[in-house]
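Report on the structure
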Amino acid sequence: MCDCGVCERIRLTQEGKNPYFVRELKSGYVVLGDVQRFEGYALLLCREHKTELHHLTPENRMQFLSDMALVAEAVDHAFHPDKLNYALLGVGKAVHMHWHIFPRREGDTPAPGPVWQLGKALHDPAFRPDAEKLKALKAALGSEIDRLLAAQGV
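It should be emphasised that the depicted structure is a prediction, and the values quoted were computed from it without experimental measurement.

**Describing the overall build of the chain**
Scanning the chain from terminus to terminus reveals three helices and five strands. The N-to-C order of helical and strand elements in the chain reads α-β-β-β-α-β-β-α. In terms of C-alpha radius of gyration, the chain reaches 15 Å, essentially the compact-globule figure of 15 Å for 154 residues. When its C-alpha atoms are laid out on the principal axes, the chain stretches across 40 × 40 × 30 Å. Going through the 154 residues of the chain one by one, you find that 41% of them count as buried. In the chain, the proportion of contacts linking residues at least 24 apart, taken out of those at least 6 apart, comes to 58%. Carbon together with sulfur atoms contributes 56% to the accessible area of the chain, which is approximately 8500 Å² in total.

**Concerning unusual backbone geometry**
At His-80, a position not held by glycine, the phi torsion is positive, near 50 degrees. Along the chain, His-80 turns up in the loop between helix H2 (58-79) and strand E4 (83-88). Residue classification places His-80 among the exposed positions, given a relative accessible area of 59%.

**Examining the pattern of salt bridges**
Scanning all chains against the criterion turns up nine salt bridges. Note that Arg-104 and Asp-108 form a salt bridge whose closest N and O atoms lie 2.8 Å from each other. There is no split in this pair, since Arg-104 and Asp-108 are both buried. One salt-bridge network, held together by shared partners, links Glu-8, Arg-11, Glu-15 and Lys-17.

**Concerning helix H3 (residues 131-151)**
Here H3 contains 21 residues, and its C-alpha end-to-end distance of 30 Å stays within 8% of the 30 Å for a straight helix at 1.5 Å per residue. All of the buried residues along H3 are Leu-134, Leu-137, Leu-141, Gly-142, Glu-144, Ile-145, Leu-148 and Leu-149. Projected down its long axis, H3 shows its buried positions confined to an angular sector of 160 degrees, all on one face. Those residues of H3 that are exposed and angled more than 90 degrees off the buried face are Glu-132, Lys-135, Ala-150 and Ala-151. Of the residues one or two after H3, Gly-153 is the one with positive phi, at around 80 degrees.

What counts and how
Residues numbered from 1 in each chain as written. Predicted model: local features only at pLDDT ≥ 70, side-chain atom pairs only at ≥ 80, totals over all residues. Heavy atoms only, no water. Helix = DSSP H or I, 4+ residues; strand = E, 2+ residues; numbered from the N terminus. Rg over C-alpha atoms; globule rule 2.2 N^0.38 Å. Buried < 20%, exposed > 50% of the residue type's maximum accessible area, 1.4 Å probe, protein only. Contact = heavy atoms within 4.5 Å. Areas by Shrake-Rupley, 256 points an atom, 1.4 Å probe, with all protein chains shown as cover. Salt bridge = Lys/Arg side-chain N within 4 Å of Asp/Glu carboxyl O. Expected span 1.5 Å × (residues − 1). Arc of directions from axis to C-beta.

Right under this line is the structure:
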């Protein structure tokens, strides 16, 4: 049994039990963040349980990077941020590669800088979307992903 938080999210997604799931792409799964402190915050969970980009085959690495760029473009079109921040992090039960894509807006943190300055406030449950809001966020992001894939002929 894998003790990986990302593998667990993927398993729930595959079983149809992840309410934050948006779309499956070639390299992984697009999900919205459980907490939307930054509206449109999305993640791309790598299909393969790998911890570093260089652990992927060259073909899978390029697909993962390409899918990340596609998700970022979709977030940009769907939520119109001033800037996007990207992070490929991991610690504890989340070393399995997953991209964080944060839509940033002027004044969204107390001082200019990374989202991490918020500390625990980054995960404030007050920013957890209700069912109606989650449905709207997923629809906005999903339709942009579909549009971009269609434009690529996928």
